[in-house]
Structures are given as structure tokens and as C-alpha cells.
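As a plain string of letters, each chain reads:
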Amino acid sequence: RYEPSWGSLDARPLPAWFDEAKFGVFIHWGVFSVPSFGSEWFWWYWQKEKRESYVKFMDTNYPPGFSYEDFGPLFTAEFFDPNQWADILKASGAKYVVLTSKHHEGFTLWGSKYSWNWNAVDVGPKRDLVAELATSVRNRTDLHFGLYHSLFEWFNPLFLEDATNAFKTRKFPTSKSLPELYEIVTKYQPEVIWSDGDGNAPDTYWNSTGFLAWLYNDSPVRDTVVTNDRWGLGSICTHGGFYTCSDRYNPGHLLPHKWENCMTIDRGSWGYRRDARLGDYLAIEDLVKQLAETVSCGGNLLMNIGPTHDGRIAVVFEERLRQVGAWLKVNGDAIYGTKPWRAQNDTATPGVWYTFSPKEGKVNVIFLSWPVSGTLELGEPRAKLGETQVKLAGYKELLKWVALGEKGMVIALPQLTPQQLPCQWGWTLQLTDIN
């Protein structure tokens, strides 16, 4: 059994499914999806920081005295079709999904008995959005279902009172945050608990170790659940399950501890923005690059979309997810279930990333631009004459190659028209019998 101490909890092995999965989809959805302006931090930027663009947006478009709470009934989700969402998630090639059950605004997407009149069953959609998505994902896909949960809430009076007392009192975690965590685990059995928002309070204030000990010892998901590292001030990149270290974290080199790169397709926001422009969205080439870099360095990629207040996954997000799925159909063997190789990226040619498939003993070479010369020079592999074979994923015939001394090789790529290429944004070579 695990003790409620970091020493004991950090020694828990991460369930194997998480490292094998490699790719998940993050979904930021909540009352912030109603103004859908600027950022999911809308309430904070408008009311606390009083940023000019947010104040002006409210003054111009809403009556005097309109409060953030008044957005609640406007969060309607009338087009929310959990089956359609599940089908899009499946088509993306993702192996897990993480939904914001509650963001820093405190609004829960399930009918929490600890969030009176500020939840999706009492206000707005009048639906248990967490339950509906969990059911559809489990019935229609093989994705692992996960939940994001914010520890703190910007404007909750109990949290503000505890903060004023320098967190010597613990009214908020005992009456709100912890009961919610036990509630979502017991009710929805998520296999990822993605904690966030420590509110500058230490893990002792949140009793994070107590909750995690219960989660790992006695909860219904004790054998399969994975957690991240955001459990109180100072725990990030140090304690918990996998490390996130920061938003959009992509170190570009191998890390000794399992980590995740959580990032957004919309460069500017996690929640939906009506004011986003096409150039604000990452192109599929950018996403494939992020995936290749992240996985080769031992990480998972958690790619975020923000649905609309009425429950739609905007067409641009759907297209990106389906494009990643199409790429993974061809190149998935270089991603799923792989381990980092002895080299992460190539020394001779930029934009080349390596992964290793232990079951087949294959080295996977993901190259992001097709060379004009028709030949790809690799500085890292040590090929063996008459033994090493080179294959292009999605193409039938073996490729010709020559060794470059002790280390390195030049591979002749097939001459293909754009229509004949196995995919359009990044390709994989599979090398077998490499030293």
C-alpha cells in the first residue's frame, strides 16, 4: 500500500498503457466558452486584472451590471452530441481524452453536490456533460477517459478567506475541492486525473498526498489511473505521476522521467475564441512536428481543442484532428508503443526524429521534409551490409541505401508524384537489423 507521502507515492510505477498511448486530446469547455473572447481566463482578465480589451468587450456588448455568473444560463450545449465527439476523437488516432470537469471558474460539468447552482445540471445545459461524454467514449472507442480538475477557484469566497489566512485555514479544500475529486473518481472512474491550479498553496493545504494515497490504494481506478504533477506549489516537475513542467512543454531532448507536452491547436487560447483567425491555428505540419519531437524524447502529446458554448467542435479543430488521424494510420507504428532510441534527432540532417519499436526491433526515422535530391542522409544509424533493410511506411518495396563509413547511411527515396506519397506531412522509414 502507498503511504500519503511523496516518497511513497512517487515510487508507484506508471501504468504501462499511458506510455504506450503517446497521443491524447485535451478538451477545454466551460462557461468561458460563452464569451469565447480572448482566453478561458476571461473572468480573471476582465474582473481582476481589468485588462482593457476585456472591459471594453463587456461594456460594448453587455448591459451594465452584467456579471460573469450571468453567462451560466447562456452555456447551452444544444448541439452537444457526445457520440459525434467520440467519433471525432476516435478518428484522430488519440488513445486518451482529458475533459475539463471544472476550470478555475469553479463551474462543474457534472451535477456536483459540492457546487450548488454552479454546475451544468442546475444551470445552462441541464445535462451531466461528463457522464454523457464518458459513456460515448467508452461505448464507441478504445480511448482511455480522463478528467482535468482545477484545485483552486479564482473567486470562491472560501478559497479567498483561506488565502487571506496564509492557508493556515483549510475551509475550501475540505468543503469543495477534495470532495469534488472523490466524487468524480467514484462516479466516472477516470483513468487520468489531470490536476491544475494550485492557487499558490502548498500540497499540504490541498492534502494532495492523502487523496493520491486513496486513489492508488482504494479507488475504483487504483490499478490503471495515471496522474500529473500539479498538486500544490512546488510539486510541478517534481512529484506525482507524469511530469508536465509547464504548458506547451517541449524540451527537445530525452528526459529521465515520463512527461507530457500539453499544447493547443489555437496558439492563443485553451478555450474556444470567436475572435481567432486562421493564422492563430497551428497547421497540420506543425502538429506532426510536435508529435514526432515529443514522442522521440519520451513524452506524450496532449493536443487541446476548445468546443463552443453550444457544444460544437469547430470545423477547424475537427479537420486538424482527422488530419493527425490520417497521418497516424500510415505512421502509427513509429509512434504507438515505441521507446526512445539512443539518438533522438539526427546529427546530419535537421528535422529527422527517431523512435524505437522494441517488439519488432525496428528503428523508426520520421523525416519532416522530403529532400529535393531524392536521397536522405542519416548520420546516426550503423547499417550492416546485406542485413539492414529500409522500408518507407505506406510503400511496398524495399529502398536502396549505402553506408557512410562506421556510422551513417544514405537512403534513396522512391520517385513518387504528390498523389503517390503515402501521406503529405512527414514520413517514416523503418530500419531493421541496425547495429
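Residues numbered from 1 in each chain as written. Predicted model: local features only at pLDDT ≥ 70, side-chain atom pairs only at ≥ 80, totals over all residues. Heavy atoms only, no water.

The next point concerns the sheet that holds strand β9 (residues 362–367). In space, the four strands of this open sheet follow the order β8-β9-β14-β11, with antiparallel pairing throughout. Of all strands in the sheet, those with a lone pairing partner are β8 (352–357) and β11 (389–392), marking the two edges. Pairs of neighbouring strands in the sheet enclose a mean axial angle of 25°, with direction left out of account. In this sheet, β9 lies alongside β8 in antiparallel orientation, the contact comprising six bridges. Counted as the bridge partner of Tyr354 is Val365 from β9. (Pairing = 2+ DSSP bridges. Helix = DSSP H or I, 4+ residues; strand = E, 2+ residues; numbered from the N terminus. Axes fitted to C-alpha atoms, helices over the stretch in contact; angles between N-to-C directions.)

Within the secondary structure, Thr355 is located in strand β8. Looking at Thr355, its side chain comes within polar contact range of the main-chain oxygen of Ala334, at 2.7 Å. When neighbours within four sequence positions are excluded, Thr355 is seen to be in contact with Val295, Ser296, Ala334, Thr338, Lys339, Trp341, Lys362, Val363 and Asn364. (Polar contact = N/O pair within 3.5 Å; in protein donor to acceptor, adjacent residues only side chain to side chain. Contact = heavy atoms within 4.5 Å.)

This next bit is on the packing of helix α8 (residues 171–188) against helix α10 (residues 208–217). Where α8 contacts α10, the axes come no closer than 11 Å and their chain directions differ by 15°. Considered as vectors, α8 and α10 are oriented roughly parallel to each other. Here the hand of the crossing between α8 and α10 comes out right-handed. Contacts between α8 and α10 involve Leu178, Leu181, Tyr182, Val185 and Thr186 on the former and, on the latter, Gly210, Phe211, Trp214 and Leu215. Here the residues of the contact of α8 with α10 sort into seven nonpolar, two polar and no charged. (Parallel < 35°, antiparallel > 145°, perpendicular 65-115°, else oblique. Left-handed = near helix turned anticlockwise from the far one by under 90°. Nonpolar A, V, L, I, M, F, W, Y, C, P; charged D, E, K, R; others polar.)

Here we come to the domain arrangement of the protein. Assigned domains within the protein: domain 1 (6–334) and domain 2 (339–432). Here domain 1 and domain 2 have C-alpha centroids that lie 36 Å from each other. Each partner contributes residues to the interface: domain 1 has 19 residues there, and domain 2 has 20 residues. Across the domain 1 to domain 2 interface the summed buried area is about 1,700 Å²; carbon plus sulfur atoms make up 67%. Here Lys339 ties to Asp19 by a salt bridge, and the two come within 2.8 Å at their closest N and O atoms. The tally of links from domain 1 across to domain 2 stands at six residue pairs in polar contact (both at pLDDT 80 or more). When residues of the side of domain 1 that touches domain 2 are traced back to their parent elements, those giving at least two are α11 (284–296) and α12 (315–331). Here the element with the most residues in the side of domain 1 that touches domain 2 is α11; it accounts for eight residues. (Domains from an automatic or database assignment. Buried area = accessible area lost by both parts, 1.4 Å probe. Salt bridge = Lys/Arg side-chain N within 4 Å of Asp/Glu carboxyl O.)

Right, let's get into the sheet that holds strand β5 (residues 226–227). Through backbone hydrogen bonds, the strands of a sheet pair up, either in parallel or in antiparallel fashion. Pairing in this open sheet of seven strands is parallel, and the strands run β5-β4-β3-β2-β1-β7-β6 from one edge to the other. Each end of this open sheet is capped by a strand with a single partner; those strands are β5 and β6 (259–264). Pairing analysis gives six bridges linking β6 to strand β7 (residues 299–305), with the strands arranged parallel. Across the sheet, Glu260 pairs through a bridge with Asn300, a residue of β7.

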